[in-house]
Structures are given as C-alpha cells and as structure tokens.
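So you can see what is in the structure, the chains are spelled out below.
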Amino acid sequence: MPRVNGEAASATSTRPHLRVCVGTTVTSCARLVAVNDDARPVVLDSPLATMRIVVRVRNFVPDERASEADAGNGVDDEDESRGSPGVANPPYWKVVDKRRLFSIQVQARFKQEFSGEDLLYGNFWLHRVYQPPLIWIPLKLATVIDPGFTHDLGGERPWALSPAVSSISVLEVKSAPDPAADGGKAAAQANDVYDGILGRWEWKDGVDLQENHALLWRGMGDRSERLLGSASGHDVASVAARRKVVKHREKRAEIAFSKDLVYNMEFYAPFVDLNRFELNMGGITLGLSSYLGHQPFFFGMKSQSLGETLFCVKFELV
C-alpha cells in the first residue's frame, strides 16, 4: 500500500503506544482511558453536562506499563510517558462494520438547553499544523457529506468542525430518569449514582448503539411538521433520514438539545488509524504525525455561543 511521508510502524516493542485521555477542555484533558473497556465508561461532570464516555480503537495494543486501576478512577494521570491500558479485542469489534477504525461513545445529559446549530463536533489542535498534499480530498469529501463542515487548518490553533447533530454517527435519544416516578425504588437499586441522572449504561459485551432519534423532535409541536415535511414518512431509526433533515441550517436551528433528555451518541470513522496516526484514502496511506508536529489529536464537542467545549478526547502516541 503506498504511503505519503509516513513509515509503517514496527510491530515490535519499539512501536509507540496509543495514549487516550478525556476531559472537559482541551487544556485539562488528562483523565486516562482504558481503551475498548466498554464496561467501565469514564464519567465527566461539568457545569454544562454530565457524561459517560467510552473510547474504542480497532487493533489496539494495551501498554503493559499502565494499570487498569489508573484509568477512569476520577484522577488525572500525570505520567505522560505511558500509553493506555485496555482490552485488545473486545466483542464490539466482532459485531460492527469492519471498516470502522475507532469509536467515541458518549452518554450525555445537558445542564442547559442548546440549539442544534450551536453544538459542534470535530477536531482541535493546540499548535499550528502543516497541511499535507492531497488533504483537499478528505476536506472536499467532508463538505459533500456535511454542508455544515467548516475548518481553519491554517490558524494558530487549528480546528475542523461540523454541527454535532449531523456529525453523530449513531444517535439514540431517551427520556431522562425520574427518581420520583416509582417512589425512588429504581434509584435505591442503582449500581451507579449516575444511573439516576443518565440511566443505565447498556453498551458492553458486544451490544452496539442503535439509532432512534424520535425524541429529538419532542416539544416542537407544529414546528416538527415543518422540520420533517411529512412526519409519517420519516424513519426515526435511520441515520440518513436524520442527516437529510439537519443538513439545512434553518432546520438545525429549530432543534433543541433538552435538559430533560439523555443523548446517547456514537462518533466513528473509517479513514483514521489512531494506532499509527495514519489517514487511509482509497489505497493511499498518509502519515499524520509529522504534519501535526507530533502533537496530540483532539476530538470533542463545543458550544459556539459559549465558546466552551463540553468534552474532549485526546489521542497521542508515546
């Protein structure tokens, strides 16, 4: 397979380890993640949202120097020389599309209302990046897939972002738990204090998230008919149907991410191999590390109106 300015990493012990951390801002992204350990999501609680996050990477190799006890324990990991611990081959990768290379799954309950036009998802970098040849190909493809995609790759702190409501690969919207609904019995039986805020975490042991965005339109009344056109013909289990609606800016602005709903979101892609920091495009493999100046690669969600991130996931090779 051809490569552009990138060498294949050796499968020996000298191969860099992938280190994955999460946080609520780019500069505070230091909570070590056990990759592929979808039975133990990391909890983030900020003034903007309460969230559980799981990160999965195909063909991940855990760093034996890192302990499972170091990951997801609520403490920032200060030893930046270690990669992430985790699970090499979880059941998840046996049930999903083989083209999928990584997954970021987030269960979120927002603490204030956001419009569908306000929340963005994508990539951030702390320092300048060098734009490689052929980069216009994936950028053009991204614009075709999502007309809301924008970027500033030439800036001091580059970014590439799209409206989150269209970027989400799979979206399930549920009513938030009501602790008083059954006299508090469910809350008393909960295994996790966050079950009472977010509901149970169900996506482990090969159970993957399924699209159901029916409640995305909840509370919109007559606006939902204007948003969907023919409501009876809209398939709430179809990612394509959701994206067909929200590709229009005026329709995204009509959507509200509510405080009273829980949003189960999964973001994934078939082009980026995070184990090697490589971009794979139709038979051409582009090594990204040198173009990024060997800096970390951030994925995250941001509010345009507040100028603040809700969560960030940091990938780096160490």
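Scroll up to find the structure.
Since this is a predicted model, take the numbers as computed values, not measurements.

Helix and strand content of the chain: 8 helices and 18 strands. In the chain, which comprises 318 residues, the share counted as buried stands at 50%. Of all intrachain contacts in the chain linking residues separated by at least 6 positions in sequence, the fraction that spans at least 24 positions is 74%. Summing over all exposed atoms, the chain offers an accessible surface of approximately 15000 Å²; the carbon and sulfur share of this is 52%.

Turning next to the environment of Ser 166. Note on placement: Ser 166 falls in helix α3 (residues 164-167). Linking Ser 166 and Arg 242, residues 76 residues apart in sequence, is a C-alpha distance of 7.5 Å. Engagement of the side chain of Ser 166 in a polar contact is seen with the side chain of Asp 146, the distance being 3.2 Å.

For the rest of this paragraph, the subject is the sheet that holds strand β6 (residues 102-110). Pairing in this open sheet of 5 strands is antiparallel, and the strands run β4-β5-β6-β13-β11 from one edge to the other. The two strands at the open ends of the sheet, each matched to only one other strand, are β4 (42-45) and β11 (170-175). Looking at each pair of strands side by side, their axes are set apart by 15 degrees on average, direction ignored. Pairing geometry for β11 and strand β13 (residues 261-269), over 6 bridges, is antiparallel. Bridged to Leu 171 within β13 is Met 265.

Next up on the list: unusual backbone geometry. With a phi close to 70 degrees, Asn 36 is a non-glycine residue in the positive phi region. Checked against the element boundaries, Asn 36 lands in the loop between β3 (31-32) and β4. Backbone geometry places Asn 59, a non-glycine residue, at a positive phi of 60 degrees. Tracing the backbone through its elements, the reader meets Asn 59 in the loop between β5 (49-57) and α1 (92-95).

Strands sit in the order β3-β2-β18-β17-β8-β10-β9 across an open sheet of 7 strands; the sheet is antiparallel. Edge strands, defined here as strands with exactly one partner in the open sheet, are β3 and β9 (150-152). Sheet topology note: the strand β2 (residues 18-23)/strand β18 (residues 308-317) ladder contains 6 bridges and is antiparallel. Residue pairing across strands places Val 22 opposite Val 313, the latter belonging to β18.

As enumerated under the stated definition, the model contains 17 salt bridges in all. Glu 156 is the salt-bridge partner of Arg 128, the closest N and O atoms lying 3.2 Å from each other. Here Arg 128, found in the loop between β8 (119-124) and α2 (136-145), pairs with Glu 156, found in the loop between β9 and β10 (159-163); they are 28 residues apart in sequence, far enough to count as distant. For Arg 128, a relative accessible area of 45% translates into the label partly exposed. Where Lys 174 meets Glu 202, a salt bridge forms, and the shortest distance between an N and an O atom there is 3.3 Å. With Lys 174 in strand β11 and Glu 202 in the loop between α5 (195-198) and α6 (222-228), this pair connects stretches of sequence that are 28 residues apart. Accessibility expressed as a relative area gives 41% for Glu 202, which makes it partly exposed.

Another aspect to go through is helix α7 (residues 239-246). Each α-helix turn comprises 3.6 residues. Residues three or four places apart therefore point the same way. Every buried residue of α7 is listed here: Ala 241, Arg 242, Val 245 and Val 246. Along the long axis of α7, the arc covered by the buried residues comes to 120 degrees, so they all point the same way. Projecting away from the buried face of α7 at angles above 90 degrees are the exposed residues Ala 240 and Lys 244. A distance of 3.3 Å separates the backbone nitrogen of Ala 240 from a side-chain oxygen at the start of α7, and that oxygen is part of Ser 238.

Considering the arrangement of structural elements, one finds Leu 18 in strand β2. In this structure, the C-alpha to C-alpha distance between Leu 18 and Glu 316, residues 298 residues apart in sequence, is 5.9 Å. Contacts of Leu 18, omitting those with residues within four sequence positions, involve Val 57, Phe 60, Gly 83, Ser 84, Leu 274, Asn 275, Phe 277, Phe 315, Glu 316 and Leu 317.

Before going further, it helps to spend a moment on the nonpolar core. By size, the foremost hydrophobic cluster in this structure holds 61 residues, and its most contacted members are Ile 104, Phe 110, Phe 311 and Phe 315. Residues contacting Phe 110, with those up to four places away along its chain left out, are Leu 48, Ala 49, Leu 119, Phe 257, Ser 258, Lys 259, Tyr 263, Met 301 and Leu 310. In this structure, Val 26, Leu 120, Leu 161 and Phe 298 belong to the second largest nonpolar core, which totals 7 residues.

Thresholds, definitions, all that
Residues numbered from 1 in each chain as written. Predicted model: local features only at pLDDT ≥ 70, side-chain atom pairs only at ≥ 80, totals over all residues. Heavy atoms only, no water. Helix = DSSP H or I, 4+ residues; strand = E, 2+ residues; numbered from the N terminus. Buried < 20%, exposed > 50% of the residue type's maximum accessible area, 1.4 Å probe, protein only. Contact = heavy atoms within 4.5 Å. Areas by Shrake-Rupley, 256 points an atom, 1.4 Å probe, with all protein chains shown as cover. Polar contact = N/O pair within 3.5 Å; in protein donor to acceptor, adjacent residues only side chain to side chain. Pairing = 2+ DSSP bridges. Axes fitted to C-alpha atoms, helices over the stretch in contact; angles between N-to-C directions. Salt bridge = Lys/Arg side-chain N within 4 Å of Asp/Glu carboxyl O. Arc of directions from axis to C-beta. Core = buried A, V, L, I, M, F, W, Y, C linked by side-chain atoms within 4.5 Å.

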